[in-house]
Amino acid sequence: MTKPPQVNTIFKLGGRQNPPPAEPSQSVLVVVETPRYSAVAAPLRYACERALPPGTLVRVPLGKREVLGVVWADSDPPAVDDKAITLRPLVQVFGALPPLPPSWRALVSFAAGYYQRAVGELALSVLPPELRRLDAAALTRRVDRLRKAWQAVSTEPPTAAVAVDAPALSADQQRALQVLEALRAQPQPPPLLLWGVTGSGKTEVYLRATAATLESGRQALVLVPEINLTPQLEARFAARFPGRRIAAVHSALTPAQRLRGWLAVLMGQVDIVLGTRLAVFSPLPRLGLVVVDEEHDPSYKQQEGARYSARDLAVWRGRAEGVPVLLGSATPSLESWQRAAHDNAVPAAAASVGSRAPRYRRVDMAERIAGAALPRVRLVDMTALPRPAAARTPPVLAPAVLDALRQCLARGEQSLVFLNRRGYAPVLHCADCGWKSGCPHCSAWRVFHKRERSLRCHHCGFGEPVPRACPDCGNLDIAPIGRGTEKLEEQLVELLPQARIARLDADTARGKGQLESRLAEVHAGEVDILVGTQMVTKGHDFRRITLVVAVNPDGVLFTSDFRAGERLFALLMQAAGRAGRDAANASESQMWVQTWHPRHPLYQALQRHDFAAFAAATLAERAAAGLPPHSHLALLRAEARDAAVASAFLHAATDGALAQSDVAGVTLYPPVPTPINKVAGIERMQMLLESRSRTQLQRLLAAWVPTLHALHRQHKGLARWAVDVDPLAI
Ligand code: ADP
Ligand code: ZN
Ligand code: ZN
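All values derive from a computational prediction rather than experimental measurement. (Residues numbered from 1 in each chain as written. Chains lettered and ligands numbered in written order. Predicted model: local features only at pLDDT ≥ 70, side-chain atom pairs only at ≥ 80, totals over all residues. Heavy atoms only, no water.)

**So, the overall build of the protein**
Now for step 1: Within the protein one finds 18 helices and 29 strands.
Now for step 2: By the burial criterion, 54% of the 730 residues in the protein qualify as buried.
Now for step 3: Restricting the contact set of the protein to residue pairs at least 6 apart, pairs at least 24 apart contribute 76%.
Now for step 4: Surface summary for the protein: the accessible area is close to 31,500 Å², and the carbon and sulfur share equals 53%. (Helix = DSSP H or I, 4+ residues; strand = E, 2+ residues; numbered from the N terminus. Buried < 20%, exposed > 50% of the residue type's maximum accessible area, 1.4 Å probe, protein only. Contact = heavy atoms within 4.5 Å. Areas by Shrake-Rupley, 256 points an atom, 1.4 Å probe, with all protein chains shown as cover.)

**Notes on the coordination of the zinc ion (ligand 3)**
Now for step 1: Here the zinc ion (ligand 3) is held by the protein donor atoms C439 (SG), C442 (SG), C457 (SG) and C460 (SG), which lie 2.3 Å from it.
Now for step 2: Coordination geometry of the zinc ion (ligand 3): the four donor atoms subtend angles of 105 to 113 degrees at the metal centre, consistent with an arrangement described as tetrahedral.
Now for step 3: In primary-sequence terms, the residues that donate to the zinc ion (ligand 3) follow C-x2-C-x14-C-x2-C. Pair noted here: C442 is in the loop between β16 (427–430) and β17 (447–449) and C457 is in the loop between β18 (454–456) and β19 (463–465), with a separation of 15 residues, a long-range link.
Now for step 4: We classify C457 as buried; its relative accessible area is 2%. (Donors = N, O, S within 2.8 Å, 3.2 Å for Na, K, Ca; no water. Tetrahedral: all angles 85-135°; square planar, octahedral: opposite > 155°, others 65-115°.)

**Focus on the sheet that holds strand β8 (residues 219–223)**
Now for step 1: Strand order across the open sheet formed by seven strands is β9-β10-β8-β11-β12-β7-β13, with parallel pairing between neighbours. Lying at the two open borders of the sheet, with one neighbouring strand each, are β9 (246–249) and β13 (361–365). Between one strand and the next, the sheet's axes are offset by a mean angle of 15 degrees, whatever the strand orientation.
Now for step 2: Relative to β13, strand β7 (residues 192–196) runs parallel, the two sharing five bridges. Bridge pairing links L194 to V363 in β13.
Now for step 3: Where helix α4 (residues 171–184) meets the sheet, its contacts fall on β7, β11 (287–292), β12 (325–329) and β13, and the angle it forms with β13 comes to roughly 165 degrees.
Now for step 4: Sitting on the sheet, helix α6 (residues 231–240) touches β8, β9 and β10 (272–275), and the angle it makes with β10 is about 170 degrees. (Pairing = 2+ DSSP bridges. Axes fitted to C-alpha atoms, helices over the stretch in contact; angles between N-to-C directions.)

**Details of the site of ligand 1**
Now for step 1: Near ligand 1 lie 18 residues; those nearest to it are A168, Q173, G199, T203 and D541.
Now for step 2: Contact distances for ligand 1 include 3.1 Å between an oxygen atom and a backbone N or O atom of G201.
Now for step 3: T203 is positioned such that a nitrogen or oxygen atom in its side chain is 2.9 Å from an oxygen atom of ligand 1.
Now for step 4: Coverage of ligand 1 by the protein amounts to 78% of the 570 Å² it exposes when considered alone.
Now for step 5: With three residues, the top contributor of residues to the shell around ligand 1 is helix α5 (residues 202–215).
Now for step 6: Its residues assigned to classes, the shell around ligand 1 shows five nonpolar, seven polar and six charged. (Near = heavy atom within 4 Å. Polar contact = N/O pair within 3.5 Å; in protein donor to acceptor, adjacent residues only side chain to side chain. Nonpolar A, V, L, I, M, F, W, Y, C, P; charged D, E, K, R; others polar.)

**As for the sheet that holds β19**
Now for step 1: With antiparallel pairing, the three strands of this open sheet are ordered in space as β17-β18-β19. Every interior strand has two partners, whereas the edge strands, β17 and β19, have only one. The average angle at which neighbouring strand axes cross in this sheet is 25 degrees, direction not considered.
Now for step 2: Pairing between β18 and β19: three bridges, direction antiparallel. In the sheet register, R456 faces β19, and the bridge partner there is G463.

**Things to note about the side chain of E413**
Now for step 1: Position of E413 relative to the elements: it lies in the loop between α10 (399–410) and β15 (414–418).
Now for step 2: The class for E413 is buried, based on a relative accessible area of 13%.
Now for step 3: Reaching out from E413, the side chain makes a polar contact with the side chain of R411 at a distance of 3.0 Å.

**Brief notes about the packing of helix α1 (residues 102–114) against helix α8 (residues 310–321)**
Now for step 1: For the pair α1 and α8, the least separation of the axes is 11 Å and the interaxial angle reads 135 degrees. On the basis of their axis angle, the class for α1 and α8 is oblique. Crossing of α1 against α8: the hand is right-handed. Along the contact surface, α1 presents S103, A106, L107, F110 and A111, while α8 presents L313, W316, R317 and E321.
Now for step 2: Looking at the contact of α1 with α8, its residues break down into six nonpolar, one polar and two charged. (Parallel < 35°, antiparallel > 145°, perpendicular 65-115°, else oblique. Left-handed = near helix turned anticlockwise from the far one by under 90°.)

**Looking at the coordination of the zinc ion (ligand 2)**
Now for step 1: Taken together, C430 (SG), C433 (SG), C470 (SG) and C473 (SG) make up the protein donors of the zinc ion (ligand 2), found 2.2 to 2.3 Å from the metal.
Now for step 2: Considering all four donor atoms around the zinc ion (ligand 2), angles at the metal cover 104 to 114 degrees and the coordination shape is tetrahedral.
Now for step 3: A relative accessible area of 0% means that C430 is categorised as buried.

**Focus: the environment of S333**
Now for step 1: The residue S333 is located in the loop between β12 and α9 (334–341) in this model.
Now for step 2: Once the C-alpha coordinates of S333 and P298 are considered, the two residues, 35 residues apart in sequence, prove to be 9.4 Å apart.
Now for step 3: Contacts of S333, omitting those with residues within four sequence positions, involve E295, H296, R311 and E566.

**Points about the pattern of salt bridges**
Now for step 1: According to the stated counting rule, one finds 33 salt bridges in the structure shown.
Now for step 2: R503 is the salt-bridge partner of E489, the closest N and O atoms lying 2.8 Å from each other. Of the two residues, E489 is situated in helix α11 (residues 485–495) and R503 in strand β21 (residues 501–504); the sequence distance between them amounts to 14 residues.
Now for step 3: A relative accessible area of 6% places R503 in the buried class.
Now for step 4: Sharing partners across several salt bridges, the network here consists of R422, E452, R456 and D507. (Salt bridge = Lys/Arg side-chain N within 4 Å of Asp/Glu carboxyl O.)

**Quick notes on the environment of E588**
Now for step 1: Note that E588 resides in the loop between α14 (583–586) and β24 (590–595).
Now for step 2: C-alpha of E588 to C-alpha of L374: the two residues are 214 residues apart in sequence and 9.5 Å apart in space.

**Here's the deal with helix α18 (residues 694–714)**
Now for step 1: Here α18 spans 30 Å end to end across 21 residues, near enough to the 30 Å set by a 1.5 Å rise per residue.
Now for step 2: Along α18, the helix axis deviates most sharply at L708, where the bend reaches about 30 degrees.
Now for step 3: When we look at burial in α18, the residues that qualify are R694, L697, Q698, L700, L701, W704, V705, L708, H709, L711 and H712.
Now for step 4: Between the side-chain oxygen at the start of α18 and the backbone nitrogen of T695 there is a gap of 3.2 Å, and the oxygen is on S693. (Expected span 1.5 Å × (residues − 1). Bend = angle between axes of the 7 residues up to and from the residue.)

**Brief notes about the confidence of the model for the protein**
Now for step 1: Summing up the model confidence of the protein, the mean pLDDT is 87 and the portion of residues at 70 or higher is 88%.
Now for step 2: Every residue in residues 1–22 scores below 50 in pLDDT, and together they form 42 contacts with partners more than four places removed in sequence or on other chains.
Now for step 3: The low-confidence segment residues 342–358 (pLDDT under 50) makes 34 contacts with residues lying over four places distant or belonging to another chain. (pLDDT = per-residue confidence, 0-100.)

**Notes on unusual backbone geometry**
Now for step 1: Going from P628 to P629, the amide bond is cis rather than trans, its omega being 5 degrees.
Now for step 2: Mapped onto the elements of the fold, P629 is located in the loop between α16 (611–625) and β25 (632–640).
Now for step 3: Positioned with a positive phi, D726 is a non-glycine residue whose angle comes to about 55 degrees.
Now for step 4: Position of D726 among the secondary structure elements: in the segment after β29 (718–725).

**Observations regarding the pairing of strand β2 (residues 26–32)**
Now for step 1: Most of β2 sits out of view: six of its seven residues are buried.
Now for step 2: Two strands pair when backbone bridges link them, and β2 and strand β3 (residues 44–48) are joined in this way by five bridges, in the antiparallel orientation. Bridge pairing links L29 to R45 in β3.
Now for step 3: By the bridge criterion, four bridges tie β2 to strand β5 (residues 65–73) in an arrangement that is antiparallel.

What follows is the structure, encoded as structure tokens:
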């Protein structure tokens, strides 16, 4: 997707006094972060005195400002018409840094085209923000410091640290690594889907694959969904590869830390990058392996700005650089599953990100390490519970579940109880007049937080002290409806007074280090029962948990989100995976699921740990409904204080799309309010585009999205609009 270069005269008005250009003989095209919604998407041309390699960081004038930019190309001379125009010169060249590698520019260009953003916006959004604040001299000092430190380290005698012993590989692990090494030898290795049940030792496969990569002088990129929850993984890599340099890339870093790590990566000093979705853009010059752990995890999809999928970009990057990509999961995304399942059946077809589809290879690891059993899944039919006539709500835990918790406690083992809703209760209610604790700014309830005595909106953050009486009728008896983790914890303390209970959710893990210290308590055996949201189910290698309880997972089954079932199945499998990870006590391990729909096929498949059956059934449903991965989607979202404005914009956009010659093969659906249609006083509308062909959808978007900038200006009061390609939910 190359757009014609644009001459930067449109920003000339009012430009500040620059030194007159000293007959610059050359010009370069530079991408910068242009103002939001400006129609300027193409690189801008600037004058310079000598040729600069693409990828060089520079500072350039833009209107009255000076901004960071990246040299994108130096090749084509300006068109004849442009000759008369005096180009503004570059302000600074960051010559101390190596240019960003061509592979990085290729990835950014592709992502910008695919997700319908300007190249400059995307490029600048994935660079460390600190770069914008520094001038060339300050950056040179930092680079020199890093280089000196590096020389000091690399001339030291070999480090005394010794790698922890690697375990002998299981047969499954060996086979996975053999397949991977065979793929590595190919010029265009297809991605390898590692389908391994929880506790099958996927991490060991990542570690060995990384070791082989480092031995061949290359670098490894390891992506994880949430690095905050996986300090263990970082520790394991550090222990396995002493003396190797590991850069962690995630949002919890300070700006200075992030810059330092990024510079080290660009300077080729780093062997392993371990990070969250943003890390997919790491400018590794010698990439040899990409790992995407828990590849199905929704957090790989960015939810603002350029809404990219780091998993899909990792696959693209692997293909572009000819390196293997290892996608690991116990419950792969249906997209990956379908591609891998069709591996032998269908010849390469244009069905994935990019033009030519990689068909995936798949390796299965069906056994847990050391033959440990998977937990027995038991479904508790909540409809069959005897319910005292007076009770308004059913008991929090079925008697059988309570028994199981008591027995686990008596054996000195740990249990994990989860409920996907934080706070004390999702809503407060007045039985006299029907008042409910709605948020005045959102179409949502405000959640009752008992300990902090507040009503807080989880969408806009608006909070207030809990009223003493009903704000509408003055009734003193306002009561919580439903249950969140805070109430669940309170009830467990009442029911099991002898147990040591800890809670883990976004509220208790807010402070710095709170999450780590709570997890450490669990690992140290100081907690008997860990209560929490799905946060407790993710990836932790808890050794002493033998019982997992899902309190009320049904809610998700009946939402409008077509991926809800897929996500719930993955979540429950993951949760079950926390139990019985130590072979010694695995045979007794159990997961109890309290449900009002025990016959639901999802729970039936879960009970058999049968992901393949669940995937086959769900793929068939998606095929019948024409939903991904059998079709490709994009959303156009619009936000305004007045829903009518957002709606008018979307209707006009629809007309604009229908007028495009590329609309063939793409279905446009009418604008509708989003599931939560008002947040912080702004109304949200969206329209869906759907196509059997990714290429046709892409062609329409590429022709259509640039016209929306002009349309935005015609709709006064439109706050925002954005395109989401391959949205997670619709
Ligand atoms: P997964 O990521 O597949 O759920 P892990 O990689 O966390 O599983 O492995 C589960 C446990 O098994 C870990 O404690 C790990 O150290 C251990 N393990 C992995 N491979 C081996 C092996 N070959 N021999 C012994 N223990 C192993
Ligand atoms: Zn009332
Ligand atoms: Zn709100």
